[in-house]
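Structural overview for review
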Amino acid sequence: MREQRHGRRVMMTDDERDAYLRGQRTCRVATVSADGRPHVTPLWFVWDGSALWLYSITRSRRWGELEREPRVAVVVDSGEDYGELRGVELTGSVEQVAEAPRTGLDYRGPHELAGAEKLFAAKYGFGEAMYHDGRHGWLRLAPETLTSWDFRRLNGDFAR
């Protein structure tokens, strides 16, 4: 993964970034349609410390676009006033993990998927076990670039 070059003054530490990504519920996923137009959609996700796991409907426009062109940009952000803005942008290529759509039947999957499903189930209120509806599939983004910002670090000093 490439190191963040700009915005070091507002950059989150690795621990802050990981805690932030674990605590947020919705990301925005940017894909590219066949004619080159951008397409941005909200999606639930989990962060395991090294990869962003996206749980997407497999019959969605987003899924089709990512099958054709796996490069993606994802933003997780929050804040209302300028001095409260925080976020993380991740870019790279996604890869499908396990069967799609995911049924959970007779498939144990890679160890990392079991971890992602456990995190997802806990985060979104499914309890101990992941619920599989036969409509969603898993995409993993191991980011090539990761950029973070936390404008609270500016302490109201926005001129610099």
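Quantities reported herein were computed from a predicted structural model and do not represent experimental measurements. (Residues numbered from 1 in each chain as written. Predicted model: local features only at pLDDT ≥ 70, side-chain atom pairs only at ≥ 80, totals over all residues. Heavy atoms only, no water.)

In this section: the pattern of salt bridges. By the definition in use, this model includes 12 salt bridges. Here Arg 140 and Glu 95 are joined by a salt bridge, their closest N and O atoms 2.5 Å apart. One end of the pair, Arg 140, is in strand S6 (residues 136–141); the other, Glu 95, is in strand S5 (residues 86–97), and 45 residues separate them in sequence. The partly exposed category is assigned to Glu 95, whose relative accessible area is 40%. Put simply, Asp 150 and Arg 152 hold a salt bridge, and the shortest N to O gap is 2.8 Å. A relative accessible area of 44% places Arg 152 in the partly exposed class. When salt bridges with common partners are traced through the structure, they connect Asp 14, Arg 17 and Asp 18 into a single cluster. (Salt bridge = Lys/Arg side-chain N within 4 Å of Asp/Glu carboxyl O. Helix = DSSP H or I, 4+ residues; strand = E, 2+ residues; numbered from the N terminus. Buried < 20%, exposed > 50% of the residue type's maximum accessible area, 1.4 Å probe, protein only.)

Our next topic: the packing of aromatic side chains. For the coordinates displayed, the defined rule picks out 10 aromatic pairs. Between Trp 53 and Trp 138, the ring centres sit 6.2 Å apart and the planes meet at 80°, which makes this aromatic pair edge-to-face. Here Trp 53, found in strand S3 (residues 52–57), pairs with Trp 138, found in strand S6; they are 85 residues apart in sequence, far enough to count as distant. Just as Trp 53 is buried, Trp 138 falls in that class too. By relative accessible area, Trp 138 is classed as buried at 0%. The side chain of Arg 25 reaches across the aromatic face of Trp 44, ending 5.3 Å from its centre. (Phe/Tyr/Trp six-rings, centres within 6.5 Å; stacked < 30°, edge-to-face > 60°. Lys NZ or Arg CZ within 6 Å of the ring centre and 35° of its normal.)

Moving on to a nonpolar patch on the surface. Together, Trp 44, Phe 126 and Tyr 131 line one region of the surface with nonpolar side chains, adding up to about 320 Å² of accessible area. Here Phe 126 lies in the loop between helix H3 (111–123) and S6. (Patch = residues over 30% accessible without salt bridge, like charges linked within 9 Å, V, L, I, M, F, W, Y side chains within 5 Å. Areas by Shrake-Rupley, 256 points an atom, 1.4 Å probe, with all protein chains shown as cover.)

Our focus in this paragraph is H3. The terminal C-alpha atoms of H3, which comprises 13 residues, lie 19 Å apart, in line with the 18 Å expected from a rise of 1.5 Å per residue. When we look at burial in H3, the residues that qualify are Leu 113, Ala 116, Glu 117, Phe 120, Ala 121 and Lys 123. For H3, the buried positions fall inside an angular range of 165° around the axis, keeping them on one side. Those residues of H3 that are exposed and angled more than 90 degrees off the buried face are His 111, Lys 118 and Ala 122. (Expected span 1.5 Å × (residues − 1). Arc of directions from axis to C-beta.)

Here Glu 65 shows up in helix H2 (residues 61–68). Only 2.3 Å separates the side chain of Glu 65 from the side chain of Thr 31, close enough to count as a polar contact. Those residues in contact with Glu 65 that lie beyond four places of it in its chain are Thr 31, Val 32, Ser 33 and His 39. (Polar contact = N/O pair within 3.5 Å; in protein donor to acceptor, adjacent residues only side chain to side chain. Contact = heavy atoms within 4.5 Å.)

In the predicted model, the protein chain carries a mean pLDDT of 89, and the fraction of residues at 70 or more is 89%. Within the protein chain, strand S4 (residues 71–78) carries the highest mean pLDDT (97), whereas H3 carries the lowest (88). (pLDDT = per-residue confidence, 0-100.)

Now for the side chain of His 136. With respect to the element layout, His 136 can be found in strand S6. A distance of 2.9 Å separates a polar atom in the side chain of His 136 from a polar atom in the side chain of Asp 133. Every residue in contact with His 136, bar those within four places of it in the chain, is listed here: Tyr 55, Ser 56, Ile 57, Thr 58, Pro 101 and Arg 102.

So, on to unusual backbone geometry. Cis peptide bonds are those with omega within 30 degrees of zero, and the linkage from Ala 100 to Pro 101 qualifies with 0°. Mapped onto the elements of the fold, Pro 101 is located in the loop between S5 and H3. A positive phi angle, close to 75°, is found at Ala 98, a residue other than glycine. You can see Ala 98 is positioned in the loop between S5 and H3. The exposure class of Ala 98 is buried, given its relative accessible area of 18%.

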